[in-house]
Amino acid sequence: MAIHGGCGVMAKLDLSEAEWAEARRDLAEALRAGWKVLQAGGSAIDAVEAAVVVMEDSPQFNAGHGAALNTDGVHELDSSIMRGTDLGAGAITLARRIRNPVRAARALLERNTAIMLGGPEADIFAEAAGLDMVEQSYFTTERRVQALATLKAKTLAGTLKSATEAEKHGTVGAVALDAQGHLAAATSTGGYTNKPAGRIGDSPIIGAGTYARDGVCAVSGTGAGEFFIRHAVGHEIASRVAYLGESLTIAAHQVIKTDLASYGIGAGIVAVDGQGNITAPFNTDGMFRGWITADGDLFVGTHADVTQVSL
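Predicted model, so just to flag it, every value in this text is computed and none were measured. (Residues numbered from 1 in each chain as written. Predicted model: local features only at pLDDT ≥ 70, side-chain atom pairs only at ≥ 80, totals over all residues. Heavy atoms only, no water.)

Q: Sorry if this is basic, but what is going on with the pattern of salt bridges here?
A: If you walk through the whole model with that rule in mind, you get 14 salt bridges. Between Asp46 and Arg106 there is a salt bridge; the shortest N-O distance is 2.7 Å. Placement of the pair is Asp46 in helix H2 (residues 44-57) and Arg106 in helix H3 (residues 101-111), with a sequence separation of 60 residues. In this structure, the salt-bridge partner of Glu236 is Arg240, at a minimum N-O distance of 3.9 Å. (Salt bridge = Lys/Arg side-chain N within 4 Å of Asp/Glu carboxyl O. Helix = DSSP H or I, 4+ residues; strand = E, 2+ residues; numbered from the N terminus.)

Below, the structure written as structure tokens:
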């Protein structure tokens, strides 16, 4: 399985070594949570949900606790999950009170009455499903408050292009292949800092930010969501594998390094195919990411570096 915690990470000097260590620790914990499910013979869909929950609970990433603030200073959360066996999917968008939006997306998948719910109805559904609900203040961190103030100031000064990828956006996601050969993917985000109220990106869009099809691949994306939607990134990568016969690595690198990079926007994905091959390309200075191989070797990285850590 593989995970990401968003592309466009901070410059190394922007965080203390202790803070970088915390981010790497939480990436490893997310992988361990998913791997525990897989090692017990559990399903890929359970594994990706477990991994994403850990990252939603961590203040290091732009999802759940630590999510970005929109232009009104409000958190509006998006998440989706997809099962490769039958293309079953669930998605939540513009949620404001769901502690773990990925759990709501999973609950919607299991209900099989709709693929996506948005706004107040998403919160109402999650509460009725017995999920943990919180106040807006739970999601807020000082880092996100400062990022909003910075982007508002840069917008007024006409210097928005100088904003870092980390100040603008971030996402978390996971992909997995289980012992039965089934694939799954999940993605969760707070969107981008200072986004318009009501804006919906690619993370809750099946086929864009999230996609899984057994025998082909599972994909979770991070970056400028509008471009992921236009290019149907998750489905595009799967189609290149299924119809052109490209390897997962070649297909993913074509989309991220060429198709999306030509727009000058930040983008990255993690993906796994039906044979357990993993790829994690990105075109920014860094991407929070990690994976566990079939042999149980665990790796995490932030910038160009990737480090093996104990399972």
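We are not done yet, so read on.
Q: Honestly, the state of the cysteines in this entry has me stumped. Any pointers?
A: One covalent bond between the sulfur atoms of two cysteine residues makes up a disulfide. Enumeration over the complete set of coordinates arrives at zero disulfides. Take Cys7: it sits in no disulfide, and the sulfur closest to it among the cysteines is that of Cys217, at 18 Å. (Disulfide = S-S within 2.5 Å.)

Q: Would you take a moment to explain the pairing of strand E6 (residues 183-189) for this structure?
A: Regular strands place their side chains on alternate faces of the sheet. By the criterion of burial, E6 is predominantly enclosed, with seven of the seven residues buried. With burial as the criterion, each face of E6 is covered, one bearing Leu183, Ala185, Thr187 and Thr189 and the other bearing Ala184, Ala186 and Ser188. Pairing of strand E2 (residues 77-83) with E6, which is carried by six bridges, proceeds in the antiparallel orientation. Directly across from Ile81, in E6, lies its bridge partner Ala186. As paired elements, strand E5 (residues 172-177) and E6 share six bridges and run antiparallel to each other. Looking at the pairing, Val175 lines up with Ala185 of E6. Counted along the chain from E5 to the antiparallel partner E6, the turn is five residues long, and its residue Gly181 has a positive phi close to 85°. (Buried < 20%, exposed > 50% of the residue type's maximum accessible area, 1.4 Å probe, protein only. Pairing = 2+ DSSP bridges.)

Q: Teacher, can you tell me more about the packing of helix H1 (residues 17-39) against H2 here?
A: Think of two packed helices as two axes; the pair is described by the angle between the axes and how far apart they sit. One can describe the packing of H1 onto H2 by two numbers: an axis separation of 8 Å at closest approach and a directional angle of 155°. With respect to their mutual orientation, H1 and H2 come out roughly antiparallel. Here H1 and H2 pass one another in a crossing that is right-handed. Every residue of H2 that contacts H1 at Asp26, Leu27, Glu29, Ala30, Ala33, Gly34, Val37 and Leu38 is listed here: Ala44, Asp46, Ala47, Ala50, Ala51, Val54 and Met55. Among the residues forming the contact of H1 with H2, the class breakdown is 11 nonpolar, one polar and three charged. (Axes fitted to C-alpha atoms, helices over the stretch in contact; angles between N-to-C directions. Parallel < 35°, antiparallel > 145°, perpendicular 65-115°, else oblique. Left-handed = near helix turned anticlockwise from the far one by under 90°. Contact = heavy atoms within 4.5 Å. Nonpolar A, V, L, I, M, F, W, Y, C, P; charged D, E, K, R; others polar.)

Q: Whenever I open this one, the nonpolar core confuses me. Can you help?
A: Soluble globular proteins tend to pack their nonpolar side chains together in the buried interior. If you look at the biggest cluster of nonpolar residues, it comprises 47 residues, and the most contacted ones within it are Met1, Ile3, Met55, Ile81 and Ile92. Met82, Ala212, Phe228 and Val241 belong to the second largest nonpolar core, which has 35 residues in total. (Core = buried A, V, L, I, M, F, W, Y, C linked by side-chain atoms within 4.5 Å.)

Q: Just checking my understanding: could you explain helix H8 (residues 233-244) for this structure?
A: Because the α-helix completes a turn every 3.6 residues, residues three or four places apart line up on one side. With 12 residues, H8 extends 15 Å between its outermost C-alpha atoms, agreeing within 8% with the 16 Å of an ideal straight helix rising 1.5 Å per residue. Among all positions of H8, only Val233, Gly234, Ile237, Ala238, Ser239, Arg240 and Val241 are buried. (Expected span 1.5 Å × (residues − 1).)

Q: Before we go on, may I ask you to explain the packing of aromatic side chains in this structure?
A: Two aromatic rings are characterised by how far apart their centres lie and by the angle between their planes. Within this structure, the stated rule accounts for five aromatic pairs. Pairing Tyr138 with Phe139 gives two aromatic rings, centres 5.4 Å apart and planes at 75°, and the pair type is edge-to-face. Taken together, the aromatic side chains of Trp20, Phe61 and Phe288 make up a single cluster linked through ring pairs. Sitting over the face of the ring of Phe227, Arg230 holds its NZ or CZ atom 4.9 Å from the ring centroid. (Phe/Tyr/Trp six-rings, centres within 6.5 Å; stacked < 30°, edge-to-face > 60°. Lys NZ or Arg CZ within 6 Å of the ring centre and 35° of its normal.)

Q: Sorry if this is basic, but what is going on with the sheet that holds strand E9 (residues 267-273) here?
A: The strands making up a sheet associate through hydrogen bonds between their backbones, and the pairing can be parallel or antiparallel. Pairing in this open sheet of four strands is antiparallel, and the strands run E7-E8-E9-E10 from one edge to the other. Each edge of the sheet is formed by a strand with only one pairing partner; in this case those strands are strand E7 (210-213) and strand E10 (278-279). Sheet analysis places strand E8 (residues 217-223) next to E9, joined by seven bridges and oriented antiparallel. Each residue of the ladder has a partner; that of Thr222, found in E9, is Gly268. Set on the sheet, H8 makes contact with E7, E8 and E9; between it and E7 the angle comes to about 30°.

Q: How should the sheet that holds strand E3 (residues 88-95) be read in this particular structure?
A: Within the open sheet, the nine strands sit side by side as E4-E3-E2-E6-E5-E1-E11-E12-E13. Their pairing is mixed. The strands lining the two open edges of the sheet, one partner per strand, are strand E4 (116-118) and strand E13 (306-309). Strand-to-strand, the axes of this sheet are offset by a mean angle of 10°, without reference to chain direction. With six bridges joining them, E2 and E3 adopt antiparallel strand pairing. Its bridge partner being in E3, Arg83 is matched across the sheet by Gly88. Where helix H4 (residues 120-128) meets the sheet, it contacts E3 and E4, and its direction lies at approximately 110° from that of E4.

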